[in-house]
Amino acid sequence: MTVAILWFRRDLRLADHEALTTACQNADRLIPVYVHDPESDKGWPLGAASRWWLHHSLCALSERLRQADSRLTVWCGKTETALPDLAELTGATQVYCSRVYDPNPVANDARIAQLLAARGVSFLRFGGTLLHEPESLLNASGAPYRVFTPFWKACQRLPACGPPLPVPARFPPPPQGIPSLTVDALELLPRVGWEGGLADRWQPGEQNAEALCSAFCSDDIAAYTRLRDVPSASGTSRLSPYLHLGEITPRQILWQASSMEQSDAGSTQPYIRQLGWREFAHHLLHYFPHTPDKPLDPRFTRFPWRANYRSLLQAWQSGETGIPLVDAGMRELWKTGWMHNRVRMIAASFLTKNLRIPWQEGARWFWDTLVDADLANNTLGWQWVAGCGADAAPYFRIFNPVLQGERFDKQGRYVRRWLPELGELPDRWLQQPWNATPEILSAAKIRLGIDYPHPVVDLAASRRDALVAYDKIKRLKN
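Worth saying up front: this structure is predicted, and the values here are computed from it rather than measured.

**What about the overall build of the protein chain?**
Stage number 1. Per the secondary structure count, the protein chain includes 21 helices and five strands.
Stage number 2. Its C-alpha atoms give the protein chain a radius of gyration of 24 Å, near enough to 23 Å, the size a compact globule of 478 residues would have.
Stage number 3. Counting over 478 residues, the protein chain shows a buried share of 54%.
Stage number 4. Counted over contacts in the protein chain with a minimum sequence separation of 6, partners at least 24 positions apart contribute 81%.
Stage number 5. Accessible surface, the protein chain: about 20700 Å² in total, of which carbon and sulfur atoms supply 51%.
Stage number 6. Of note, the protein chain has its 53 positive side-chain charges centred 7 Å away from the centre of its 49 negative side-chain charges.

Printed below as a string of structure tokens:
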């Protein structure tokens, strides 16, 4: 009788799961297990918002397995110890899992494979997190891509992905008597109840991911190009948190989106291209594992960041910079674990260029507060905005949050939602209250410095200072 372990990681689903499907086909007994091992992500342990999501995702997965006449075993400790111990306890001869591309898990996988092999246990890893494995995408020189457009063209030349795998029809029963913790015992939820806004906005779990994907592809994807940059609109799919923990796969999304295009629902290519950016982020992390902490462009190790910036960082984190669009985004993030992508870029540009605070500080804050805090995407986004990463924004591109607000939040719906204290300001002054006359501010019941802060920096002057600093860096040799 063949006993196998299915090690769940960032693939908390039953559908389109190659490792699970293969294990179900080959094993007589199957042990689905989740090992909570904070040390496996040393340096980048799960942030608070991601821990909240993980708790509910594991509960949903456990229930789905129960309905399939299986059960989720939950252990806590070092994975490199837990998996060999579980194999010895149960007589398992194979461990199946999906690949993870973050630097520490990659190193851990090598050790786990050796420890299992020493006990005669096979360690079998499968894809599924990405559309294409990083090894299949190298340029003509055999080097990794560092520019998105040729990378995406190379992706499109590869054979098309097949249809997603269904949920296995049969789940081999697990052996009896395996000790297991409850999900609650992992203590992933916050001890102080700040997470109400997350619970109001999100419903983790595979089935919720599938429903959200279906609704987006059926109803909203045709308007994606028109609405994607409007923060007050529901113009994006909001599937990134589900992708982060593998409750849905990019292949499932691509398959649904492509089927809508074939049914004349309008071009879906702009949205599909966003899946390409996700692929590119993981490609970069795989080949440049130092980039979560260090710039890809080594010249930026000498960038003249501001000294003694702690109070400015705290103002940015709490949405108290005096720049309405930035503050609205930061308050949305704190309340819901989410920020609209256009506003993310504006808030990040303000931190790194107007405040000249190191991009790593912003990356850490997003990592802790975003429900979709994926290490690859987070790293790519922050290095892109800061100008030090692959295919980075030109150094002279400094988002003007006033102009951005006037363009993408024309009626002020987004700012007024998250900054109600500015709600009575006329549209003309909503994105720049410091330029309103005392009479206008008084009529709107706003006392700058009391009801809403003065700007922490002058936008024009800080832009000029940033350009001087960036120009010096760009003149350096790599």
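**What about helix α12 (residues 310–317)?**
Stage number 1. Those residues of α12 that fall on the buried side of the exposure criterion are Leu312, Leu313, Ala315, Trp316 and Gln317.
Stage number 2. Where α12 is buried, its residues contact α13 (324–336), α14 (341–354), α15 (359–369) and α16 (375–386).

**Remarks on the nonpolar core**
Stage number 1. Counting 125 residues, the largest nonpolar core has Phe8, Leu58, Trp316, Met330 and Phe366 as its most contacted members.
Stage number 2. With 19 residues, the next largest nonpolar core counts Trp7, Val33, Leu116 and Ile178 among its residues.

**Digging into the pattern of salt bridges**
Stage number 1. Taken as a whole, this structure holds 23 salt bridges when the rule is applied.
Stage number 2. Across the salt bridge formed by Glu88 and Arg119, the nearest N and O atoms sit 2.7 Å from each other. On the criterion of sequence distance, the pair formed by Glu88 in helix α3 (residues 79–90) and Arg119 in the loop between α4 (103–118) and β5 (122–126) is long-range, its members being 31 residues apart.
Stage number 3. With relative accessibility at 60%, the residue Glu88 sits in the exposed group.
Stage number 4. Taking the relative accessible area as the measure of exposure, Arg119 reaches 44% and is therefore partly exposed.

**Things to note about the sheet that holds strand β2 (residues 29–36)**
Stage number 1. An order of β3-β2-β1-β4-β5 is seen for the five strands of this open sheet, with the pairing classed as parallel. One side of each edge strand has no neighbouring strand; the edge strands of this open sheet are β3 (73–76) and β5. Strand after strand, the sheet turns through a mean of 30° between neighbouring axes, direction not considered.
Stage number 2. Looking at chain direction, β2 and β3 are connected through four bridges and run parallel. The residue of β3 that forms the bridge with His36 is Cys76.

**Examining the environment of Arg356**
Stage number 1. Secondary-structure assignment places Arg356 in the loop between α14 and α15.
Stage number 2. Given a relative accessible area of 18%, Arg356 falls into the buried group.

**Quick notes on the state of the cysteines**
Stage number 1. If you walk through the whole model with that rule in mind, you get zero disulfides.
Stage number 2. The thiol of Cys213 is not disulfide-bonded; the next cysteine sulfur, from Cys217, is found 4.1 Å away.
Stage number 3. You can call Cys213 buried: its relative accessible area is 1%.

**Quick word on the packing of aromatic side chains**
Stage number 1. Under the counting rule described, the total for this entry stands at 24 aromatic pairs.
Stage number 2. Measuring from ring centre to ring centre gives 6.3 Å for Trp7 and Phe123, while their planes differ by 35°; the resulting arrangement is tilted. Pair noted here: Trp7 is in strand β1 (residues 3–8) and Phe123 is in strand β5, with a separation of 116 residues, a long-range link. No difference in accessibility class separates Trp7 from Phe123, as the two residues are buried.
Stage number 3. Seen from their ring centres, Trp316 and Phe366 are 6.0 Å apart, and the 15° between their planes marks the pair as stacked. Here Trp316, found in helix α12, pairs with Phe366, found in helix α15; they are 50 residues apart in sequence, far enough to count as distant.
Stage number 4. With a relative accessible area of 0%, Trp316 lands in the buried category.
Stage number 5. The aromatic ring of Tyr470 is capped on one face by Lys353, whose charged end is 5.4 Å from the ring centroid.

So, how was this worked out
- Residues numbered from 1 in each chain as written.
- Predicted model: local features only at pLDDT ≥ 70, side-chain atom pairs only at ≥ 80, totals over all residues.
- Heavy atoms only, no water.
- Helix = DSSP H or I, 4+ residues; strand = E, 2+ residues; numbered from the N terminus.
- Rg over C-alpha atoms; globule rule 2.2 N^0.38 Å.
- Buried < 20%, exposed > 50% of the residue type's maximum accessible area, 1.4 Å probe, protein only.
- Contact = heavy atoms within 4.5 Å.
- Areas by Shrake-Rupley, 256 points an atom, 1.4 Å probe, with all protein chains shown as cover.
- Lys, Arg positive; Asp, Glu negative; His and termini not counted.
- Charge placed at Lys NZ, Arg CZ, Asp CG, Glu CD.
- Core = buried A, V, L, I, M, F, W, Y, C linked by side-chain atoms within 4.5 Å.
- Salt bridge = Lys/Arg side-chain N within 4 Å of Asp/Glu carboxyl O.
- Pairing = 2+ DSSP bridges.
- Axes fitted to C-alpha atoms, helices over the stretch in contact; angles between N-to-C directions.
- Disulfide = S-S within 2.5 Å.
- Phe/Tyr/Trp six-rings, centres within 6.5 Å; stacked < 30°, edge-to-face > 60°.
- Lys NZ or Arg CZ within 6 Å of the ring centre and 35° of its normal.

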